[in-house]
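An overview of the molecular structure
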Amino acid sequence: MTNTVNIKVGRNELCPCGSGKKYKKCCEGSKKPIPVNLENHYRKKYGIDLKKEKDIDGIREAGKLVVETHKLVEDFIRPGMSTDEINTFVHDYTIKHGAIPAPLNYKGYPKSVCVSVNDVICHGIPGDLIINEGDIVNIDITSILNGYYADSNQTLFIGTPGDDAKKIVQVARDCFRAGMSMVVPGNTIGDIGWAIQTHAEKSGCSVVREFIGHGIGIDFHEAPQVPHFGKRGSGVPLVPGMVFTVEPMINLGGNRLYILDDEWTAVTADGSLSAQFEETIVVTEDGYESLTPMDI
């Protein structure tokens, strides 16, 4: 994947043309745009593996299964149900369709899906907790199909939501959309975070700092890291073939959190509600394609 592009390069960095020489001894003086092997440049400079079409196809297929599972969970979930019943449903459906639930046993995580209720920000471990009328519940599903990973989540209303629930879910949804609107070649990772943070804080809410988006596809977590806050124009420039998640976690109150004794479950420090939406996307020549297209 060789492109002729203008990129910022330090004088003592390897020249992005692929010569193996330092930039100052190679193309620095050239008045023409540098022919860049983007695959090599992004792997060496950022640790990012740009995905080939074959890989994107594989992630897309895994994404279809993830989206199907989400739609079925929406129909399945109801007041009076334990979060472990959701785990069993997601686990069985994933296995039945020839895939592997990625969270299961990942760094010791004991279940096949994350189910985060009300003030739980993320990584809620399914168990005996009963879902009640008026709760908000985030379902985070990652499946591995034929070696490829796809990841998405959404926050659902259980029954009739209260005003606070309506607000935080709408703000989280709008923050997600704001971040996605910045995904176009020529923008940066920082533009995504800037857009999310700007909308969250304008709405009187806050952005969680400790958990961020990430590259995905061949592995569960890859480069780049995708913060949901930051400065416009900062971070890695977006180029076609980058595959990563955008998954802002938005709190109705402050952004401070703590981790429960299970060493996984993250909850808001002030007990306020938290909501999140996520998709796996690939940067294209003129924007992006969602590989887990949800109705967000």
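Residues numbered from 1 in each chain as written. Predicted model: local features only at pLDDT ≥ 70, side-chain atom pairs only at ≥ 80, totals over all residues. Heavy atoms only, no water.

Considerations on the pattern of salt bridges
Applying the stated criterion across every chain yields a total of 10 salt bridges. When the shortest N-O distance is used, the salt bridge between R43 and D49 registers 2.8 Å. The closest approach of N and O atoms between R60 and D57, which form a salt bridge, is 2.7 Å. Residue R60 and its partner D57 are located together in helix α2 (residues 53-76), separated by 3 residues, close to a single helical turn. Overall, the relative accessible area of 34% leaves D57 in the partly exposed class. (Salt bridge = Lys/Arg side-chain N within 4 Å of Asp/Glu carboxyl O. Helix = DSSP H or I, 4+ residues; strand = E, 2+ residues; numbered from the N terminus. Buried < 20%, exposed > 50% of the residue type's maximum accessible area, 1.4 Å probe, protein only.)

Quick look at the side chain of T292
Position of T292 among the secondary structure elements: in the segment after β17 (288-290). Note on T292: relative accessible area 0%, which makes it buried. Not counting residues up to four positions away in its chain, the partners in contact with T292 are G63, V67, A150, D151, S152, E279 and T280. (Contact = heavy atoms within 4.5 Å.)

Some details on the nonpolar core
In terms of nonpolar packing, the biggest core is built from 41 residues, with Y42, I168, I192, M242, F244, V246 and I250 touching the most fellow members. Taken together, the elements giving at least two residues each to this core come down to α1 (38-46), α4 (163-180), α5 (189-202), β11 (243-246) and β16 (279-283). Dropping the residues within four chain positions of it, I192 is found in contact with G179, M182, V183, V226, L238, F244 and V246. Ranked by size, the runner-up nonpolar core spans 32 residues in total, among them I56, A62, V73 and F220. (Core = buried A, V, L, I, M, F, W, Y, C linked by side-chain atoms within 4.5 Å.)

A word on the pairing of strand β7 (residues 148-157)
Among the 10 residues of β7, 9 are classified as buried, and the element is accordingly described as predominantly covered. Of the pairings in the sheet, the one linking strand β6 (residues 136-145) to β7 comprises 10 bridges and is antiparallel in character. Counterpart to V137 in the pairing with β7 is L156. The turn linking β6 back onto β7 is made up of 2 residues, and N146 within it adopts a positive phi angle of 55 degrees. (Pairing = 2+ DSSP bridges.)

So, the sheet that holds strand β5 (residues 120-122)
Reading across from one edge, β5-β14-β13 is the order of the 3 strands in this open sheet, with antiparallel pairing throughout. With one partner strand each, in any of the chains shown, β5 and β13 (257-259) form the two edges of the open sheet. This sheet shows a mean twist of 40 degrees between the axes of neighbouring strands, independent of strand direction. Pairing of β13 with strand β14 (residues 266-268) involves 3 bridges; the strand directions are antiparallel. Counted as the bridge partner of I259 is A266 from β14. (Axes fitted to C-alpha atoms, helices over the stretch in contact; angles between N-to-C directions.)

A short note on the layout of surface pockets
Put simply, the largest pocket is a space of about 460 Å³. Lining the largest pocket are 26 residues, and of these Y106, H123, H214, F220 and H221 lie nearest its centre. Where the lining of the largest pocket is concerned, the elements lending two or more residues are β4 (114-117), β5, β6 and β9 (213-215). A total of 3 residues in the lining of the largest pocket trace back to one element, the largest contributor, which is β6. In terms of residue class, the lining of the largest pocket is made up of 11 nonpolar, 9 polar and 6 charged. (1 Å grid on protein atoms, 1.4 Å probe; cavity = no way out; pocket = protein on both sides within 12 Å on 5 of 7 lines; lining within 4 Å. Points joined across faces, edges and corners; volume = space filled by probe spheres on them. Nonpolar A, V, L, I, M, F, W, Y, C, P; charged D, E, K, R; others polar.)

Details of the sheet that holds strand β8 (residues 206-207)
Read across the sheet, 3 strands follow the order β8-β12-β15 without closing on themselves; strand pairing throughout is antiparallel. Two strands lie at the open edges of the sheet, namely β8 and β15 (274-276), each paired on one side alone. Pairing between strand β12 (residues 249-251) and β15: 3 bridges, direction antiparallel. Bridging from a neighbouring strand, N251 pairs with S274 of β15.

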